[in-house]
Structure formats: C-alpha cells, structure tokens
Amino acid sequence: MRIHTRPLPFFLPFLESLRPHWTHPCLLANVGTASPRLLSSRRHFTKDVSAPRPAIDQDSVEVLGHTSPRDDFTNVTSKILAKVGRNLHNQSHHPLWLIKERIKAHFYRSYVARSGNPLFSVHDNLSPVVTVEQNFDSLLIPPDHASRKKGDNYYINRKLMLRAHTSAHQRELVRSGLDAFLLAGDVYRRDEIDASHYPVFHQMEGVRLFSNHELFARVQNGEDLSLFESGGRRTPQKQESHTLEAVKMVEFDLKQTLTRLVTHLFGTDLEVRWVDCYFPFTHPSFEMEVRFQGDWLEVLGCGVMEQELVNSAGAGTRVGWAFGLGLERLAMVLYGIPDIRLFWSQDERFLKQFTLPCIDQPVTFQPLSKFPPLINDISFWLPEQEEVKEEEEKEEEKEAAFNDNDFYDLVRSQAGDLVEKVTLVDAFTHPKTRRRSHCYRIVYRHMERTLTQEEVGLLHRAIEQAAERELGVKGRY
C-alpha cells in the first residue's frame, strides 16, 4: 500500500505547481569534470586528506599526518587505521562511486538555482577524524546516550575519534553559510561480522534550509505565514518553536525530494512507505522503506532538523530537513553484490564490472568463483566480574565487562577480511560457579583463492592467544 502525506488545504496550489527538471541521465555523468564554468561556480568545502600511512604505537596514534596521544579511551586498531584515506567513494568506477555520482547527478539536474547553477553543493573529501564534540554534542546526543560507548566506536583518545556518521560535519557546513548540500564519506563503527556488516562503510547525507520567504513564497497568502511561534509546545508532529504550517511544508518537501531520489535509483514502479522513528537531531523523524523484490527495505533515515542544532550553527532564522543513507546498502541491492567485503577488493575481476560508459547504465555483479569456507569454533570463559555494590557506576566501569564487539574487533585485527562471518553459537553459565562461557563459530573464506586448513589454523591460534592476552578470557580449547 502506498502511503502519502495529506497536505494542508491551502498548500494545494503550490504542490500542484511542482515539477521536476529532467535532462538526459548521461549528460551529467561526470559533472565534476564536464564543465570548467560549472566547476568554478560550485561551492566547495573540502579538505585534502591524502597523508602518509597511519601508525599506532604505545604512546600515540598517527593518522592523516597528525599525531595524537593515546589514553584510556584509545581503541582504534592498526587494521582500521589502514582503511583511513582509501576513500572508496571517490575512486572512479568503484560501485560506491557510481552510487554517489548517480545521487549527485540527480540532485544537480533536478534542483537548479536561479543562477542556473546546481542548488546543492557536494562535499566528499572531509577528514574522518573528528572531535567527540563534533560527533555527538553538536548533534544534541546526550552524554549518557548508548551510541557514545567505546564498544560501538573507534576512539583515538577521549577528545578525538573516527566519525561514526557524516552528520558530524553538519554544523560546520551550515555555519560556513551553506543552506543546501550533500555530504559523502567513510564512517567507522565497531560491529558484528557477517556479509552485510563491516567496521568501515560509507554514508551520504543531505541538508536543506529554508527562510520564511523560500518556504512560503509560492503558497497562497504565504506572506501571512511564519516559520516560528512563541509559547508553542512539542508534540509528535512538531517542535515547540515551529508552526505546524512550517513543519508540514518542510516535511512535504523532504519526502517528495527523497521519493524522487529513490524512484530515480530503483525505477518508476516503486512502492514507498514512511515509518515514524526517533533520532536525537531531528523531529519529527522518519525512515523510508521501499518495496524491493517482495520485501520492505529500509533505505534511509530523515527528519526536520532540531531547531537548537540549526540555531547553534548560526542559522536561527531558518528551518530545514536532513537525511542520511548508506551507500553500501544501496549498491548491494542495486548491483546484486552479496558480500560487503567485496567493496574493499582490488581484484580486477570485481572492479572491471563497474567500468561503465554511463553511470546510470544497469549492471548486475557477476560472482567470482565461490571458494569453499573453512569453519572453526572458539570457546572460552569470560573474565570474572566483581559485583558492583554502588548504585552509580562510571560509564567506563560499565563498559569494562566483556563486549561482543571487542571480540569481533580482535578477530578482524588478527585475520582481517579472511573472516566472512562470526556467530555466537552458544552461551553457557555454570550452574554452581556462575561463570559464563561463550562459543563463537568463525567462517574463514578468501575472496580470490582457496584457503588451506594449515594457514587457517595459524590464524585461529593467533585469535585464541590474542583473546586470552587482550580480553582476559580463559580458553576452553
């Protein structure tokens, strides 16, 4: 069933007047190099992140040419640092680049300013090293929010981290004077190991701000309408400072923009539905799902930007929307890529499949030879924990207990992309001693050749030893 938002009656003349701008999809296939005049007129907010190979030692972490001291929060690994600067989304004809370019070209040709230049600027080379304040506080994420945990993020130290989302740059871009932009980049999160999860992935997000005139100019009697109201209250439909009319207009523009985008990507015969959800930095907030191959697929999150965030960026006379999507998820669906590790492959048999004359040309991934997996289990007793009697624990003490993500990260550090999947297959608590034991099944598979049991055995023993040494577990091998 298609779900539509019912607009307020006085918006109807405005809504009926909206029409997308269409040009041939390949004319802007490489807008960044197609027209010097267009290049000179576009706004940029980029930084050169090319730098020597990252390094980590006992006292410091070096990444992108900058050295930072380690402390008790440091948990980034050399395997993860080796991914920094790869910028798959900027490598020509990589599938993530194709998705990014398709989205960029769609916005360029569909949203044009009065000057004739693209309305949205694009920023895809901002450094992934951000402050903790940028990643969390600037987005109104509370200090005790679960998303800040060491178990879920890669910290360089207590003040610096690898960004967990591209939204970490949202405030600085708005503060620079931008009111409509797209932002793409690599993001880092500690996560489980399987075909659809990887500690480094790529996001693309969009932001658009509106002044009172821009939002209501084409609405009948729009001069009588306002973005803000005093003495309002927060409801499920709006923030306390926004008028209902402003929110409905922003919400409609957001949903229409995103429906056009996914229709462009997935095709015109597309079912879309909107699901209410919660994000700390937008309200109201939504997730978009599309009907794809018989199933509902979540493709992005979005919402009306929290006014406190907009105010803190110096744009307090405007309201706006924001959305964010995962490039890997879109590419896996659109191109039929079955394993997220493939995006990091340098095998020409993979990469040449996406060397296309036009970014909108359909392509379906042709699998490489399927090499057989090798499966090994690892079982160990978890570290014994002393009972905590005080009611108020420090957050770092709470996170001192064994965390599944700690083990997954250790496996990645030892075996890298040779591990296809790690699954917790058994959790046991001894009836008398109350000691807890976990058993994990590790699936090893090389993407380009057959692994031998001998080389897997060496890796598996290295994982066992590292788990005892670094996580304090006791093997049951």
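Note: the structure precedes this text.
Calculation criteria
Residues numbered from 1 in each chain as written. Predicted model: local features only at pLDDT ≥ 70, side-chain atom pairs only at ≥ 80, totals over all residues. Heavy atoms only, no water. Helix = DSSP H or I, 4+ residues; strand = E, 2+ residues; numbered from the N terminus. Polar contact = N/O pair within 3.5 Å; in protein donor to acceptor, adjacent residues only side chain to side chain. Contact = heavy atoms within 4.5 Å. Phe/Tyr/Trp six-rings, centres within 6.5 Å; stacked < 30°, edge-to-face > 60°. Lys NZ or Arg CZ within 6 Å of the ring centre and 35° of its normal. Pairing = 2+ DSSP bridges. Buried < 20%, exposed > 50% of the residue type's maximum accessible area, 1.4 Å probe, protein only. Disulfide = S-S within 2.5 Å. Axes fitted to C-alpha atoms, helices over the stretch in contact; angles between N-to-C directions. Salt bridge = Lys/Arg side-chain N within 4 Å of Asp/Glu carboxyl O.

*Asks:* Can you help me understand the side chain of His242 in this one?
*Replies:* Position of His242 among the secondary structure elements: in the loop between α8 (212-216) and α9 (244-266). At a separation of 2.7 Å, a polar atom in the side chain of His242 contacts the side chain of Gln307. Leave out the neighbours within four places in its chain, and His242 touches Leu227, Phe228, Glu229, Val247, Val304, Met305, Gln307 and Val319.

*Asks:* Help me understand the packing of aromatic side chains in this model?
*Replies:* For any two aromatic rings, the description comes down to two numbers: the centre-to-centre distance and the angle of the planes. With the rule as written, the count across this model stands at 18 aromatic pairs. The ring of Trp344 has Lys83 lying over it, and the distance from NZ or CZ to the ring centre is 4.6 Å.

*Asks:* Looking at this model, I keep getting lost on the sheet that holds strand β2 (residues 60-63). Mind explaining?
*Replies:* Pairing is antiparallel across the open sheet formed by three strands, whose spatial order is β1-β2-β3. With partners counted over all chains shown, the strands left at the sheet margins are β1 (55-56) and β3 (66-69), one partner each. Judged from the four bridges that link them, β2 and β3 form a sheet pairing that is antiparallel. Bridge pairing links Val63 to His66 in β3.

*Asks:* What's the story with unusual backbone geometry in this structure? I'm lost.
*Replies:* One can expect most non-glycine residues to show negative phi and most peptide bonds to be in trans. Residues His283 and Pro284 are joined by a peptide bond in cis, for which omega reads 0 degrees. Within the secondary structure, Pro284 sits in strand β10 (residues 282-292). For Asn221, which is not glycine, the phi torsion reads 60 degrees and is therefore positive. By the secondary structure assignment, Asn221 is in the loop between α8 and α9. Note on Asn221: relative accessible area 46%, which makes it partly exposed.

*Asks:* Hey, could you run me through the environment of Leu351 in this one?
*Replies:* Within the secondary structure, Leu351 sits in helix α12 (residues 348-351). Along the primary structure Leu351 and Pro95 are separated by 256 residues, whereas in three dimensions their C-alpha atoms are 8.1 Å apart. In this view, Leu351 contacts His93, His94, Ser345 and Gln346; residues no more than four positions away in its chain are not counted.

*Asks:* Before we go on, may I ask you to explain helix α11 (residues 327-335) in this structure?
*Replies:* One full turn of an α-helix is made of 3.6 residues, so residues set three or four places apart face in the same direction. By the criterion of burial, α11 is predominantly enclosed, with seven of the nine residues buried. Where α11 is concerned, the buried positions are Leu327, Glu328, Leu330, Ala331, Met332, Leu334 and Tyr335. Looking at the buried positions of α11, the neighbouring elements they touch are α5 (95-110), β8 (200-210), α9, β11 (295-305) and β12 (319-326). Following α11 by one or two positions, Gly336 adopts a phi angle in the positive range, close to 70 degrees.

*Asks:* Where do I start with the state of the cysteines in this structure?
*Replies:* Cysteine pairs can be covalently joined through their sulfur atoms, and such a bond is termed a disulfide. Overall, the coordinates contain zero disulfides when judged by the stated rule. Here Cys302 is not cross-linked by a disulfide; its sulfur's nearest cysteine counterpart is in Cys277, at 7.2 Å. Overall, Cys302 belongs to the buried group, its relative accessible area being 2%.

*Asks:* Please explain the sheet that holds β11 as it appears in this structure.
*Replies:* Consider a sheet: its strands pair through backbone hydrogen bonds, and that pairing is either parallel or antiparallel. Across the sheet, which stays open at both edges, the seven strands sit in the order β4-β7-β8-β12-β11-β10-β9 with mixed pairing between neighbours. Of all the strands in the sheet, the pair left with one neighbour each is β4 (121-123) and β9 (272-279). Averaged over all adjacent pairs, the angle separating strand axes in this sheet is 25 degrees, with direction ignored. The pairing of β9 with β10 spans seven bridges and is antiparallel.

*Asks:* Would you mind going over the pattern of salt bridges with me for this structure?
*Replies:* Two side chains of opposite charge can pair, provided their charged atoms sit close to one another. This structure, assessed with the given rule, holds 27 salt bridges. The closest approach of N and O atoms between Asp179 and Arg318, which form a salt bridge, is 3.7 Å. In this pair, Asp179 sits in the loop between α7 (170-175) and β7 (180-188) while Arg318 sits in the loop between α10 (307-312) and β12, placing the two residues 139 residues apart along the sequence. Its relative accessible area of 22% is what places Arg318 among the partly exposed residues. Between Glu229 and Lys238 there is a salt bridge, with its nearest N and O atoms 3.0 Å apart. Judged by relative accessible area, Lys238 falls into the buried class, the value being 8%. Each of Lys100, Glu101, Lys104 and Asp124 takes part in one network of salt bridges that share partners.

*Asks:* Before we go on, may I ask you to explain the pairing of strand β14 (residues 419-429) in this structure?
*Replies:* Each regular strand shows side chains that alternate between the opposite faces of the sheet. Of the pairings in the sheet, the one linking β14 to strand β15 (residues 436-444) comprises nine bridges and is antiparallel in character. Counted as the bridge partner of Phe428 is Ser437 from β15. Following β14, the chain reverses through six residues before pairing antiparallel with β15; Arg434 in that reversal takes a positive phi of roughly 65 degrees.

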